[in-house]
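Secondary and tertiary structure notes
Residue strings, one per chain:
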Amino acid sequence: MRISFLNPFKRYSQKVGLPPGTLVYVGEERTEPVRITVTAYDETHLHEEEVQTVEACLPFKDTATVTWIHIEGVHDTQIIEEIGAHFGINSLVLEDLMSPTQLSKIEIYEDYVFIIFKHLDSDTTSLNISREQIGLIIRENFVMSLQENPGSLFTPIHDRLKNVNSRVRKMRSDYLVYALIDVIVDNYFIVLEQLSDQIESVEEEAITNPTSEVLARINELRRECLLLRRPILPLRDVLNDVLEDEIPLFTQETSLYFRDVYDHLIQVIHTLETLRSAASDLFDTYTSAVSHRMNEVIKVLTIVATFFIPLTFIAGIYGMNFKSMPELEAEWGYPIVLLVMGGIGIAMFLYFRFRKWL
Amino acid sequence: MRISFLNPFKRYSQKVGLPPGTLVYVGEERTEPVRITVTAYDETHLHEEEVQTVEACLPFKDTATVTWIHIEGVHDTQIIEEIGAHFGINSLVLEDLMSPTQLSKIEIYEDYVFIIFKHLDSDTTSLNISREQIGLIIRENFVMSLQENPGSLFTPIHDRLKNVNSRVRKMRSDYLVYALIDVIVDNYFIVLEQLSDQIESVEEEAITNPTSEVLARINELRRECLLLRRPILPLRDVLNDVLEDEIPLFTQETSLYFRDVYDHLIQVIHTLETLRSAASDLFDTYTSAVSHRMNEVIKVLTIVATFFIPLTFIAGIYGMNFKSMPELEAEWGYPIVLLVMGGIGIAMFLYFRFRKWL
Amino acid sequence: MRISFLNPFKRYSQKVGLPPGTLVYVGEERTEPVRITVTAYDETHLHEEEVQTVEACLPFKDTATVTWIHIEGVHDTQIIEEIGAHFGINSLVLEDLMSPTQLSKIEIYEDYVFIIFKHLDSDTTSLNISREQIGLIIRENFVMSLQENPGSLFTPIHDRLKNVNSRVRKMRSDYLVYALIDVIVDNYFIVLEQLSDQIESVEEEAITNPTSEVLARINELRRECLLLRRPILPLRDVLNDVLEDEIPLFTQETSLYFRDVYDHLIQVIHTLETLRSAASDLFDTYTSAVSHRMNEVIKVLTIVATFFIPLTFIAGIYGMNFKSMPELEAEWGYPIVLLVMGGIGIAMFLYFRFRKWL
Amino acid sequence: MRISFLNPFKRYSQKVGLPPGTLVYVGEERTEPVRITVTAYDETHLHEEEVQTVEACLPFKDTATVTWIHIEGVHDTQIIEEIGAHFGINSLVLEDLMSPTQLSKIEIYEDYVFIIFKHLDSDTTSLNISREQIGLIIRENFVMSLQENPGSLFTPIHDRLKNVNSRVRKMRSDYLVYALIDVIVDNYFIVLEQLSDQIESVEEEAITNPTSEVLARINELRRECLLLRRPILPLRDVLNDVLEDEIPLFTQETSLYFRDVYDHLIQVIHTLETLRSAASDLFDTYTSAVSHRMNEVIKVLTIVATFFIPLTFIAGIYGMNFKSMPELEAEWGYPIVLLVMGGIGIAMFLYFRFRKWL
Amino acid sequence: MRISFLNPFKRYSQKVGLPPGTLVYVGEERTEPVRITVTAYDETHLHEEEVQTVEACLPFKDTATVTWIHIEGVHDTQIIEEIGAHFGINSLVLEDLMSPTQLSKIEIYEDYVFIIFKHLDSDTTSLNISREQIGLIIRENFVMSLQENPGSLFTPIHDRLKNVNSRVRKMRSDYLVYALIDVIVDNYFIVLEQLSDQIESVEEEAITNPTSEVLARINELRRECLLLRRPILPLRDVLNDVLEDEIPLFTQETSLYFRDVYDHLIQVIHTLETLRSAASDLFDTYTSAVSHRMNEVIKVLTIVATFFIPLTFIAGIYGMNFKSMPELEAEWGYPIVLLVMGGIGIAMFLYFRFRKWL
């Protein structure tokens, strides 16, 4: 997992030397068929349909209703090429759609806007945070969204569309774009929440049990916090462009909503920076805990050695075999030596107490 | 407590997938009733009243006097909805009011200005610094303030209002806004004062008694200093906007006062950065103290072992049972060996002195 | 001393909740009377007088000569109030004058300019660097300077004024402002000089004798270097404003001089950053010296123990009381064992030499 | 290798004091002949030829077809001088071409544009990343590329040119420039890929076997990541200039392609920063692993010493030669002492278990 | 040496309190006479002359040829004053010329431009990098250069002037300014080259022999790299001003050359930052090497102690004097105990091997 983050270009090298706009899918290998869903709606009507080919979408291309074409899977070169041909999309855009290592960005073409951003998902049982690239192609009354993996990510939007009173039904395609991005940013909150839970649990372990497994997890968390900036930060510039630039496809009416999701993103970024700093402090905590433990071990060694070494020396003295050692002959020699040893022992004990080692 | 800082979105996840503007309270759970106080004043009159419903405020909405509606509690969805309906407030603003994880911000609408900022409070007995979100809705001659918790935060303003000679009575609603923000920034000074007291007390303990409890407190202080930037820093941008932007609701007359509170905030931020740096140095101090202690322990071990190990060896020599060891037979053998041992001991002692270990 | 830096708002909390412009002195308590000196000069005349009241200054207010009123002591609320009344000074300015925790700043009012900056002074015998707030109120042909403490800080300016050929006599009030600031910046050089002397002396001690007192001094120096940015850095912005802004009170003629003092300040700031970095390196040096010492101690322990432990074991062998130990009976047993021990000792010695421990 | 990075000016000092524009080759010494390839193409024709002299290129200078002159080797002063003379190139440009320590840059002259950037190459078997300077001189319908070393770097472009349907054949010289830069940036991905592989392999070794060789490799990787910024980062400014500046030689049509390669470069820079951070963390990991090991060693010492020192003391007691030691006479004395020793041993063992040392 | 860097204002304090423009030399004390060289040249003529007084330069002041007055020594107040008087130079400029602690800067006066920058020189045998201040006063067809110390720094320029075909003879005074600055920047390369050599040699020593002398040198190198930013970085702003500002004395024709020297300076700054980072890593390397050594020492102690302590205990057992110890009587007791000891020794040895300590 971690490897793929540091090295997201493993599969990229296939493409080196090819001319630009060559369509080669450079994500993980996939074989499942691509799923295409067409939704056409306005305030009064809603039509939702799963189609098999790109051609089947064409009747919805230039209608007065808002058309949302959602495509799950970008690994089928033929489908991407057909999209390019039928909807007049530049080949560089198509290439970006098939390369899931893009940074979030917005590109404004004459008759459409192209946005790329990243969906983050973490399964609750493991550390893994997965990234998924979402591409949006936006035209007048028309939104096409392309997602790497099949999944229920945008189901809440579909549900809202079914409600005739929901705001999304009353508004134009730019509001749909907002709603899609809003879902993504909401998911960022959830991912950061799980990350902060992990940081806290690892912190506790770092203090109570600083093993090398904990160090490995700390390293992973540090790297995760670092690498999460990559999918999250550039989205800020995208939203900035939507808010500031004079893109005709985005109306004044929805700018309020984009400002709201922008504010949420800023909160996400603040929190991410806090988590980075906390993950970085984890290492200090771990190091301190390790050095605290070593300290304890050395203290035990010192106490035992300091206590017994002088006593052993005294025993050694009276273990010498000199002919004339008057103490050895003395009747009270042995008990007196034992008493002296006991006295030294007590003195040592008091000294250790005084040093606060015991 | 600390958990909630790193992870302020714990309760946020309830809202994921809901359409924007959905009113759900995402702070700590509360049940107490919401308290609404209406104050209407001008240079000559002052009317202060506690009302039960939002409707009861309506007569004060468009009067020539300045109207200040103060609401303690933002957890009652119905009341917030009524405010939206009666005062024409955007649903995104209402949503922000009920989400106490907002960053400080200012939003300028056609006929009102919306400001959010954070009140900080620390009880003197514990470390805990609590955050509370304050929302302001400002219209011509009209200020509505919304506060999460009941409390006496703005009592000094009420007191000043009762004084017919006070400046606040002579000026318009923008001066009231200034006065409210000034109270908040003054409280920042108090919180930082307590924080700096704690840093100093922990620093002393880190030097004299570097236990792992001290390390935990240092970590807490470091994090506190880091997390305090979040509520404080964005307020600077809010005040900047008030000072720079051409918001008609803020008159030239009060800009002097806003500049004053801005200067205070800059002092707060400077101090916070200093405290962060001091809290960060605490860790170095702790580490040095721990390593100093380990050094002392190892020195004791070394002195004792170095002193007795050679002497014990000599005793071991003369404890051997060889048949022919002439020294053992010699009359002065024992005393001479004792003298030699004493001499070695003195030499050791002088060496330790020379190394400055004793 | 250090406490007051981290916590410069200790006395500030008295003022929380008071309306803005309330005059309360928040510096250290003082009782000495305030000293007021009036100097009026032009190219031909010089009048210098110590007066007792603010009213006594009024005749000098709107004369054609340059008037410099120098006030030592800002703790007397009555005098500050009179200044406000007689010279038409805003109450927020008066409040700032009495709060010595202000950051350096410039404020431009309709008919006067208000500047605050900090004088630094260090007595040569101790570490202490004292801060003192200087306030300037500048009007056409009129400069009022307010200083917290009595002192001879501006004596060189008085001396120069007495010299009829000095440039200050030939120029207007803006040149006097320059001269006052120049004195302050010159003092910064002296303070940094003493600080760098201390850093160098502590560095030497950190290498030769890294006690915990040295650590405490290093911490103090690090903090001092950090805290000195607070009085010094904002003055750069003040001078920038003087140089860039179109303040009519500052003429083109003196801008050359302000640029000169600005250059000096930049040198001060460069040097301060260098000192900060040097003070920060002190900690590394200290840590290395401590660990070097621990290394030495452990090496001594290792050498002694490694030398004697095997010899003691051999002596232990021949101290056993087995009936049949042929070596013990052998005539040359004892000398041979002694020789073997000597040989092992020499081998050890050579090994230690080889490891470069001796 | 590493030396030349820190010190890329080793050979530069030859030139100190010479007037500007003096042509001296300051890269590694070379003797191989310079290879010149001329390619002239448009949508219908393609002419490719290897020529021996610069004069032989002149007929291709001002034709309607696109002319690409590729030169491998910049060490021959005479050839560089002829280029200057025949194509009207400024002597400072010629000097830059022969000094391979230039940073990437773009310079716009009246009738040509000069671009310098760096090719990175790493052979797969060793750590070494080699830098090579590429210079481009761009005129209307004319591109001259100069490369330090002979090599097959631009072979893919030649191949594409042979394909009559390729986009490069249909477009002008600015597209060729894009294609050349695109090849370079693609190679950056490959170099970073190999670097990240090495970081990961060293990280594993740092945990399992932290020898001083590993430390040396960590230092090398840290430095490599630092030094790679030098060839890569300035290219961003070059591309920015191409995209933003109004250079007539770059048409609107190709700006899309330059934006694409710019996006790739941004990805490269992001990845490089991630790798730098990862390489920096390696050092922490190494230090922790070393200190973990030391901890283990000290624990073994402590366990063994703590276990045997008290037992040895007891044996010493009964090795004393006092006349009257009643225990020695007792029949069960020896077995009882052995039992006591065993009991102490078991107690020690339990204590170590309790401390989780075993 | 190092002291003077941290504390470049040692002699500055003489000047505190003096009015601005007071001429006091604040560099190291000097007594040698000042040397003045006048060179007047155009494309056809060259006149070079050493003169004794400033007056002797006056005939060259306003000629059609380019006049270059080079002055070695700025410690003679009288000469500096005469320059001021005869060439109409502002007293603040004169003051700067005599204060060698200035930062590089450019100041544009009505009829002249004043530039200050720093020459760096390192003698090859020691670490010392000396700084020297160079001042330039530039007027129409006139350049005056002032250098602190006598020296052959600008000899290459003189040599080039003697060559009638050199570009400097064909161009105006601004080209001469460029040539002087170019010489300075070329010397920066040489100084950095020597610095990088030292960093590499110290790095090697840090790994093989980390004594406290090495630590001291590392500290010196870190400081040197830090302090070198001071003379080098501000020159970038000077060149920026020359390139961007509309200074009439600098023609369009030479801007190409200034851009070239600017590029060189950027390379110098990049390299300096790399060296700073490398010098900073040295400390980590040193620390690791020290801790590696300590580890080795502790390992030896542990091996020896762990090996012999149990054996010594066994010997102690059979050294006890109990009456009834059947093993002692047994004929094979001694050899069996020796065998047991040998077995334990071999087991230890295998354990150490298993732990990879041997």
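Position labels on residues start from 1 in each chain and follow its written sequence. The order in which chains are written sets their letters, starting at A; the order in which ligands are written sets their numbers, starting at 1. Local features are withheld for residues below a pLDDT of 70 in this predicted model, meaning they are given only at 70 or higher, and side-chain atom pairs are given and counted only at 80 or more; totals for whole chains, interfaces and linings count all residues. Note that the side-chain values use all heavy atoms of the structure and ignore hydrogens as well as water.

A few points about the packing of aromatic side chains
The criterion for an aromatic pair is that two Phe, Tyr or Trp rings (for Trp, the six-membered ring) have centres within 6.5 Å, with stacked assigned to planes under 30 degrees apart, edge-to-face to planes over 60 apart and tilted to the rest. By the definition in use, this model includes 65 aromatic pairs over all chains. Ring geometry for Tyr178 of chain A versus Tyr257 of chain A: centroids 5.4 Å apart, planes at 45°, classification tilted. Residue Tyr178 of chain A is located in helix α6 (residues 173–208), and its partner Tyr257 of chain A is located in helix α8 (residues 252–317); the two are separated by 79 residues in the primary sequence. By the burial criterion, Tyr178 of chain A is buried, and Tyr257 of chain A matches it. With 5.0 Å between their ring centres and 35° between their planes, Phe322 of chain A and Tyr318 of chain B make a pair best called tilted. Highlighted residues: Phe322 of chain A in the loop between α8 and α9 (326–329) and Tyr318 of chain B in the loop between α8 (252–317) and α9 (326–329), drawn from two different chains. Judged by its relative accessible area of 4%, Phe322 of chain A falls in the buried class. Looking at Tyr318 of chain B, the relative accessible area reads 13%, which means it is buried. Members of the aromatic cluster, each reached through a chain of ring pairs, are Tyr175, Tyr178, Phe250, Tyr257 and Phe258 of chain A. Secondary structure is summarised from DSSP: a helix means a run of H or I of at least four residues, a strand means a run of E of at least two, and numbering begins at the N terminus for each. Each residue's exposure class comes from its accessible area (1.4 Å probe, protein chains only) as a fraction of the maximum for that residue type: buried when under 20%, exposed when over 50%, partly exposed otherwise.

Comments concerning the relation of the copies chain A and chain D
Superposing chain A onto chain D takes a rotation of 72° plus a shift of 0.1 Å along the axis, which leaves an RMSD of 0.1 Å. Accordingly, the operation relating the two chain copies is best matched by a five-fold axis. No C-alpha of chain A lies nearer the rotation axis than that of Gly319 of chain A, which sits 4.7 Å from it. We call two residues contacting when some pair of their heavy atoms lies within 4.5 Å. With a heterologous cut-off of 20% or less, the 13% of interface residues of chain A that recur at the interface of chain D puts this contact in the heterologous class. Each copy is superposed on the other by least squares, with the fit set by C-alpha atoms of residues at a pLDDT of at least 70 in both.

Topic: the environment of Ile134 of chain A
Residue and element names in this part refer to chain A. One can find Ile134 in strand β6 (residues 129–139). Separated by 15 residues in the primary sequence, Ile134 and Asn149 have C-alpha atoms spaced 9.5 Å apart. Not counting the four nearest positions on each side in its chain, Ile134 is found in contact with Ile115, Ile116, Phe117, His119, Leu146, Gln147, Leu153, Phe154 and Ile184.

What is shown is where atoms sit, not what they do.
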